[in-house]
Amino acid sequence: MEGLSVSDANLVVYIHPSQSKNVSQAILRELSSLLFKYNETFDGVVLAYAVNSLDKQARILSGVHPYFGVRLKANLLLFSPKPNMLLEGKVVKLMRESIHVIVLGFSSAVIVDEDIRDEFKYKSKRGEAKYVSRSHKRHAIKVGTTIRFSVKSLDEEILHISGSLIPAHTGSVSWLDGDGGNPTTESSKKRKQPDGETEVQELGIAGGDTCSVNNDQKIKKSKKRRNAE
Amino acid sequence: MGVEMAYQYNGEFQEMEDVNFSDSELVCHVRDALISVQTGDSDSYHQLVGVMHHSERLAPDEVALLVTSLKALSGAVSYIDNVHHDSLLNSIFGMSLWKYGPDVMDALLELIIALAASNGKYVDSCLDMLVSNFMPPMYLVYTLKQPRGQAKKEQVLSRVHTALEDIVDLIPMAASRLSSVVVHRMPTTFKKDLEKDHLMYRTEIYVENILRLESGAIREFVGSRMLMAVVDLLTELDVAIGWDDILRDDSCKGIFAIELEDADEVDDDENDYGELPRTLNHKSLGKNIVADLLDSLMVLTFEHLESCANNKRLGEVFETLLDSFMLTILNTYKSKFAQFVMFYACALDPEKCGVKFAKTLADRFSCSDNPVTRMSAVAYLASYLARAKFLSPAFVASTLKRLVDWCLEYCETQGSDMNPKAHRVFYSGCQAIMYVLCFRMKSLMDVPRFKSQLLLMPLEPVLKHKLDPLKVCLPSIVEEFLKQAKAAYLFTTSETFIFEDMLESDFSKDFGGLERLDMFFPFDPCLLKKSDRGYIRPNFVYWKHVRTTYGSDEDDSSDADIAEDFVAENGESSMEEGRTGSLDEQYLELDEFDHAMNKMSITPKNGFTYRFGGEQMKMPSRIRPSTTPESL
């Protein structure tokens, strides 16, 4: 999944004089107020932060409010989806007209039917709706499936993504990473795939250095696993 | 399907053909209509907008058309553009669920959910539309008050809340928007030009909805903000009542009368007119409506707390309540009613919440920066410890001990003489100790364990310190305390205090400051009728029922008839209330309860007459000074 990055930020946090007794708490509160909001400066949504070093000196701002500024360095985990990036998310609702997805548990995405490539056909059986690939019967998208899709646009205010399933390398993650790569060996890998995926996702969130988690890497990874077996 | 039925009855062949459209064909048709607007051909689009405006007394075929259009629109939401289809969006967001039957409601909500999920731009408008449907339109209010109206209300509200939950499921970030929308849409307290009855009912329904959100599936995201919004609203109404204003004109009447009758009865009752200055009657009439509204909202909140307690989630709710209390109510100037929400929450779970509340207040008193906050915290604490029937003597004793220890520590660091302003926090602490002991001394002294605990408390070094709290604190409290302490051999002073029935002294005014925190007893009897009777009263210690250390053995006969009169009067007044107020069974039960209370109160009445002699009408007023006219 793309769109996740860790950046080193040099920040100045302005603190109200009433908080001067407990500066570190005030800093954390200030940083927490950045979370899950789109920030133009970072060009992304801050998902997590870690304060690395704190300047011992603070500077009092002249002016009406005697706020004081504290310099600090922090690592920020940013989520900044850009058009044509590939994201992954879980399908929460599926209708003929649209597929609704939640990415990373907080950002919503919608893929409308024009943005679903013709390969997929809508089917509804016994109340269970799904999109099934015409060429690969096993490639299906239904509620609960994790899919990979490309970004069309992002509404920054409410973190709403408009997505697309037009590119060929989009669709159900478990199928793309499993059967899609090697159609002959299906059943055995299917079970393993979810593990690999969560691992990668965790890496993306927790790991410090990886700038983005590349799809290819991930596919390689799963291939390695397969080979090892 | 409804469509088919309707058209078949019409019997027109042309429309029969329409019936054969499948759902997806309809969607295509609507999509074409939406797209064609951009190319300049907007006939079918305008037809569509026209359909949305059908609202009055729909015929079955109109209903069918509306439902079909809404459903088709839900399939075509991605084609709706906020620039070109402004009129359509406006008419959709302007629709009121209350006007329609279940079919239309379901279709409309499906469309709203689809719209919200289709584009981030519409989320706010969709939430706004749903929240505005919390309240029925004005003209429906009377219908809704009838039993069949209840079914309609439930029909609408359950759907609205399900829709909100669905939206949050699809768009997690909508939850944070939702709480802002709810707070923003909160009805403002009063507009005179509106019919008050309507407005009251609408505000009540709105609060009901907020509380429903608080207990619903998305409470995790919005719950605490919702609860805070309710507390804020209560505080706002509370402040709007201005009780002190009403009482200022009332000095001739005496506070005792107010404690006996419910105060709002004084306002309501036409017969009392002669006794009250004309202006007062006019003034209080307007304010009384706010009090009624506040009363109903408090009852709603109490019921909500009860349901939380039943669902075993009072603990989490209490955390929010406590935060909210500390943030707003604690620092509200002489809040009169809103604090009873805390009182009731504590009453529902004395062991956890009740104890926690007192501990938090004590913490705030002993380690906070702002002296005014500390003083009001200790005023709350004193009043709470005195009035809460559900607190165990052991806990009262241990909290007292904590206060005394703090005061002792303070004394030891101070070498100076009496100075009400400089040591106001200390004086408020001392007054709190004495006030609590006025109410609790007898019950503590009756148990040997607590008796020894009390006797061991370093009261003497504190009260006889050079800072001289006995001279500074409210004379009425000091006097009562000294009387009881002497009878209990707890504490005696060689100095004689002559208070001449003074309620307050210059010193007490000094340390109370502008806010008159020396006279602040937040949990004095609640004057809101419904909240008091059903919820607060059973958990509340009234002064007239307090057993004092000196009064219990008294066997007085001379004042017995006065005491009886008192009982009769009280009984009668409550009977009257029952009749005039409503014929509700609940009230009748409460009247019985009143009688029972009167029967129980023989002992305190002895004490009370003993103390006041002929002036029995004045005495309780002294011990509950916060509502006296002088308190301004």
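Treat the numbers as computed from the prediction; the structure is a model and nothing was measured.

A closer look at the overall build of chain B
Thinking step 1. In terms of regular secondary structure, chain B is built from 33 helices and zero strands.
Thinking step 2. In chain B, which comprises 632 residues, the share counted as buried stands at 56%.
Thinking step 3. Long-range contacts, defined as pairs at least 24 residues apart, comprise 79% of the intrachain contacts of chain B with a sequence gap of at least 6.
Thinking step 4. Taken as a whole, chain B presents about 27,100 Å² of accessible surface, with 51% of it coming from carbon and sulfur.

A word on helix H23 (residues 424-445) of chain B
All names here are of chain B.
Thinking step 1. With 22 residues, H23 extends 29 Å between its outermost C-alpha atoms, agreeing within 8% with the 32 Å of an ideal straight helix rising 1.5 Å per residue.
Thinking step 2. Along its length, H23 reaches its greatest deviation from straightness, about 60 degrees, at Phe-439.
Thinking step 3. With 20 of 22 residues buried, H23 lies mostly within the body of the structure.

A closer look at the sheet that holds strand S8 (residues 120-125) of chain A
Residue and element names in this part refer to chain A.
Thinking step 1. An order of S8-S9-S10 is seen for the three strands of this open sheet, with the pairing classed as antiparallel. Bordering the open sheet on either side are S8 and strand S10 (140-142), each of which pairs with just one other strand. Each adjacent strand pair in this sheet contributes to an overall mean axis angle of 25 degrees, direction not counted.
Thinking step 2. Bridge analysis of S8 against strand S9 (residues 128-133) gives six bridges, and the strand direction is antiparallel. When the sheet's bridge partners are listed, Lys-121 is paired in S9 with Val-132.

A word on the sheet that holds strand S1 (residues 4-15) of chain A
All names here are of chain A.
Thinking step 1. Taken together, the four strands give an open sheet; going across it, the order is S1-S4-S3-S2, and neighbouring strands pair in antiparallel fashion. Only two strands of the sheet have a single partner each, and these edge strands are S1 and strand S2 (38-39).
Thinking step 2. Here twelve bridges tie S1 to strand S4 (residues 68-79), and the two strands are oriented antiparallel to one another. Note that in S4 the partner of Asp-8 across the bridge is Asn-75.

A word on the pattern of salt bridges
All names here are of chain B.
Thinking step 1. This model, assessed by the stated rule, comprises 25 salt bridges over all chains.
Thinking step 2. Put simply, Arg-185 and Asp-128 hold a salt bridge, and the shortest N to O gap is 3.0 Å. Taken together, the residues span a long stretch of sequence, with Arg-185 in the loop between helix H11 (174-184) and helix H12 (196-215) and Asp-128 in helix H8 (residues 123-132) at a distance of 57 residues.
Thinking step 3. Among the salt bridges present, the one from Lys-401 reaches Asp-405, with a minimum N-O distance of 2.9 Å. With Lys-401 and Asp-405 both in helix H22 (residues 393-413), this residue pair falls four residues apart, about one helical turn.
Thinking step 4. When its relative accessible area of 33% is taken as the criterion, Lys-401 is described as partly exposed.
Thinking step 5. Judged by relative accessible area, Asp-405 falls into the partly exposed class, the value being 30%.
Thinking step 6. Through salt bridges with shared partners, a single ionic network connects Glu-214, Arg-219, Arg-313 and Glu-316.

Description of the interface of chain B and chain A
Thinking step 1. At the junction of the two partners, chain B supplies 21 residues and chain A supplies 19 residues.
Thinking step 2. A per-residue breakdown of the area chain B buries against chain A is headed by B:Leu170, B:Met173 and B:Arg177, which together make up 34% of the total.
Thinking step 3. Between A:Glu157 and B:Arg177 there is a salt bridge; the shortest N-O distance is 3.4 Å.
Thinking step 4. The interface formed by chain B and chain A includes five residue pairs in polar contact (both at pLDDT 80 or more).
Thinking step 5. Elements supplying a minimum of two residues to the side of chain B that touches chain A: helix H3 (23-38), helix H7 (102-118), helix H10 (147-170) and H11 of chain B.

Some remarks on the packing of helix H6 (residues 86-93) of chain B against H7(B)
Residues and elements named next belong to chain B.
Thinking step 1. Running from N to C, H6 and H7 point in directions that differ by 125 degrees, and their axes come no closer than 11 Å. Taken together, the axes of H6 and H7 are oblique relative to one another. Viewed along their axes, H6 and H7 form a crossing whose handedness is left-handed. Here Leu-89, Ile-92 and Phe-93 of H6 come into contact with H7, specifically with Leu-108, Leu-111, Ile-112 and Leu-115.
Thinking step 2. A class-by-class count of the residues in the contact of H6 with H7 yields seven nonpolar, no polar and no charged.

Some words on the domain arrangement of chain A
Residue and element names in this part refer to chain A.
Thinking step 1. Examined at the domain level, chain A breaks down into domain 1 (4-79) and domain 2 (85-177).
Thinking step 2. A separation of 36 Å is found between the C-alpha centroids of domain 1 and domain 2.
Thinking step 3. Here domain 1 packs against domain 2, burying approximately 580 Å² in sum over the two surfaces, 89% of which is carbon and sulfur.
Thinking step 4. It is Phe-36, Tyr-38 and Phe-79 in domain 1 that bury the most area against domain 2; as a group they hold 76% of the surface buried on that side.
Thinking step 5. Applying the counting rule to domain 1 against domain 2 returns zero residue pairs in polar contact (both at pLDDT 80 or more).
Thinking step 6. Considering only residue class, the side of domain 1 that touches domain 2 consists of six nonpolar, no polar and no charged.

What to know about the domain arrangement of chain B
Thinking step 1. Here chain B is partitioned into domain 1 (23-181), domain 2 (186-261 + 281-349) and domain 3 (370-519).
Thinking step 2. Relative placement of domain 1 of chain B and domain 3 of chain B: their C-alpha centres are 62 Å apart.

Describing the confidence of the model for chain A
Thinking step 1. The predicted model of chain A has a mean per-residue pLDDT of 78, with 77% of residues at 70 or higher.
Thinking step 2. Within the model, pLDDT remains below 50 along residues 181-229 of chain A, and this stretch shows 51 contacts once partners closer than five positions in the same chain are excluded.

Some thoughts on the pairing of strand S11 (residues 146-155) of chain A
All names here are of chain A.
Thinking step 1. In terms of burial, S11 is a largely internal element, seven of the ten residues being buried.
Thinking step 2. As paired strands, strand S5 (residues 86-94) and S11 are joined by five bridges and run antiparallel to one another. Bridging across to S11, Leu-86 finds its partner in Ser-150.
Thinking step 3. Judged from the two bridges that link them, S11 and strand S13 (residues 171-172) form a sheet pairing that is antiparallel. Paired with Arg-148 across the two strands is Gly-171, which belongs to S13.
Thinking step 4. Relative to strand S12 (residues 160-164), S11 runs antiparallel, the two being bridged by five bridges. If you follow Asp-155 over to S12, its bridge partner there is His-160.
Thinking step 5. Where S11 folds back onto S12 in an antiparallel hairpin, the turn is made up of four residues, including Leu-159, whose phi is positive at roughly 55 degrees.

Conventions we followed
All chains use their own residue numbering, which begins from 1 and follows the written sequence. The lettering of chains begins at A and the numbering of ligands begins at 1, in the order of writing. Only residues with pLDDT of at least 70 are given local features in this predicted model, and only at 80 or more are side-chain atom pairs given and counted; all residues enter the totals for whole chains, interfaces and linings. As a convention, hydrogens and water are excluded, and side-chain values are obtained from all of the structure's heavy atoms. Counting from the N terminus, the helices are the DSSP runs of H or I reaching at least four residues and the strands are the DSSP runs of E reaching at least two. Only protein chains enter the accessibility calculation, which uses a 1.4 Å probe. A residue is then buried if its area is under 20% of the maximum for its type, exposed if over 50%, and partly exposed in between. The criterion used for residue contact is that any of the two residues' heavy atoms lie within 4.5 Å. What sets the accessible areas is the Shrake-Rupley method with a 1.4 Å probe; for residues, cover comes only from the shown protein chains. Helix span is expected to be 1.5 Å times the residue number reduced by one. Bend is the name given here to the angle between axes fitted to two runs of seven residues, the run ending at a residue and the run starting at it. Paired strands are those between which DSSP finds at least two bridges. Fitting a line to C-alpha atoms yields each axis, with helices limited to the stretch in contact; the angle taken between N-to-C directions then spans 0 to 180 degrees. For salt bridges, the criterion is a side-chain nitrogen of Lys or Arg within 4 Å of an Asp or Glu carboxyl oxygen. By definition, the buried area sums, over both parts, the 1.4 Å-probe accessible area that each loses when the two are put together. Counted as a polar contact is a pair of N or O atoms within 3.5 Å, where, for protein atoms, one must be capable of donating a hydrogen and the other of accepting one, and residues adjacent in sequence contribute only when both atoms are in side chains. For classification, angles of less than 35 degrees are called roughly parallel, those exceeding 145 degrees roughly antiparallel, those between 65 and 115 degrees roughly perpendicular, and all remaining angles oblique. Crossing handedness: left-handed means the near helix sits turned counterclockwise from the far one by under a right angle, and right-handed means the same turn made clockwise. Basically, the charged four are Asp, Glu, Lys and Arg, the nonpolar ten are Ala, Val, Leu, Ile, Met, Phe, Trp, Tyr, Cys and Pro, and anything else, Gly included, counts as polar. Either an automatic procedure or a domain database provided the assignment from which the domain bounds are taken. Confidence of the predictor in every single residue is expressed as pLDDT, which spans 0 to 100.

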